[in-house]
Amino acid sequence: MSQSDLSDDELFGEAASEIRADVEEHLAAARDALPTAAAVWDVEADNTLGVLNGLRTALAVDEVREHLRDAKKWYTIGERADAFEDADDLEEEIERIEDVLDDLEEVSDAVGELASTVPELRGELEELHADADDESE
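These remarks concern the structure in this document. (Residues numbered from 1 in each chain as written. Predicted model: local features only at pLDDT ≥ 70, side-chain atom pairs only at ≥ 80, totals over all residues. Heavy atoms only, no water.)

**Focus: the pattern of salt bridges**
Stage number 1. Scanning the entire structure with this criterion turns up 9 salt bridges.
Stage number 2. The salt bridge involving Arg 20 is made with Glu 24; its shortest N-O contact spans 3.1 Å. Of the two residues, Arg 20 and Glu 24 both sit in helix H1 (residues 3-33), 4 residues apart, roughly one turn of that helix.
Stage number 3. Residue Glu 24 is classed as partly exposed on the basis of its relative accessible area, which comes to 36%.
Stage number 4. Residue Asp 62 is joined to Arg 65 by a salt bridge in which the shortest nitrogen-to-oxygen separation is 2.9 Å. Remark: Arg 65 and Asp 62 occur in helix H4 (residues 62-80); sequence separation between them is 3 residues, near one turn of the helix.
Stage number 5. Salt bridges sharing partners connect three or more residues here, namely Arg 20, Glu 24 and Asp 89. (Salt bridge = Lys/Arg side-chain N within 4 Å of Asp/Glu carboxyl O. Helix = DSSP H or I, 4+ residues; strand = E, 2+ residues; numbered from the N terminus. Buried < 20%, exposed > 50% of the residue type's maximum accessible area, 1.4 Å probe, protein only.)

**Some remarks on the nonpolar core**
Stage number 1. Among the nonpolar cores identified, the biggest contains 23 residues, and Val 23, Leu 27, Val 64, Tyr 75, Phe 84 and Leu 90 are the most heavily contacted of them.
Stage number 2. Of all elements in the fold, only H1, helix H3 (48-58), H4 and helix H5 (88-136) reach the threshold of two or more residues within this core.
Stage number 3. Among the elements that make up this core, the one with the highest residue count is H5 (7 residues).
Stage number 4. Here Val 23 is in contact with Ala 71, Trp 74, Tyr 75, Phe 84 and Leu 90, once residues within four sequence places are set aside. (Core = buried A, V, L, I, M, F, W, Y, C linked by side-chain atoms within 4.5 Å. Contact = heavy atoms within 4.5 Å.)

**Some details on the environment of Tyr 75**
Stage number 1. Its location among the elements puts Tyr 75 in helix H4.
Stage number 2. For the pair Tyr 75 and Ala 38, spaced 37 residues apart in the sequence, the C-alpha separation amounts to 31 Å.
Stage number 3. In this structure, Tyr 75 is in contact with Val 23, Phe 84, Ala 87, Leu 90, Glu 91 and Ile 94, ignoring residues within four places of it in sequence.

**Considerations on the side chain of His 26**
Stage number 1. For His 26, the position within the fold is in helix H1.
Stage number 2. Take His 26: its relative accessible area is 16%, and that puts it in the buried class.

**With respect to the packing of H3 against H5**
Stage number 1. With their axes 9 Å apart at the nearest point, H3 and H5 run at an angle of 160° to one another. One finds that H3 runs roughly antiparallel with respect to H5. Relative to H5, the crossing made by H3 is left-handed. The segment H3 lies against H5, with Thr 48, Leu 49, Leu 52, Asn 53, Leu 55 and Arg 56 engaging Val 111, Gly 112, Leu 114, Ala 115, Val 118 and Pro 119.
Stage number 2. Residue classes in the contact of H3 with H5 are distributed as 8 nonpolar, 3 polar and 1 charged. (Axes fitted to C-alpha atoms, helices over the stretch in contact; angles between N-to-C directions. Parallel < 35°, antiparallel > 145°, perpendicular 65-115°, else oblique. Left-handed = near helix turned anticlockwise from the far one by under 90°. Nonpolar A, V, L, I, M, F, W, Y, C, P; charged D, E, K, R; others polar.)

Structure (structure tokens):
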């Protein structure tokens, strides 16, 4: 093996390690950006709309999405370059975070829908009861 081959192999090994480290770093950042269970479960508010708005804030996932995208990008590069000896753990972690992200986005959409519908319902109920009070007088 020539000296240049050895250097190329060493450089490739170093690059592969850096790619794996990048993937792991972005996965850790995505995991850290996920809301805590307490942030989703424990909500303090004076009314239903406050609870929904607090929950919607807790479910914000833009940062998670960004880090997951970067992790997948580097993972794909590493896979295509056949740079990983064993990347099953990375693939599994990407899938786990993707699944949680999908659930968070689904719940966030439902909460957003409720947050816009509950005030309308409140207004309709107030109007209906006010009309009933007017009729009874």
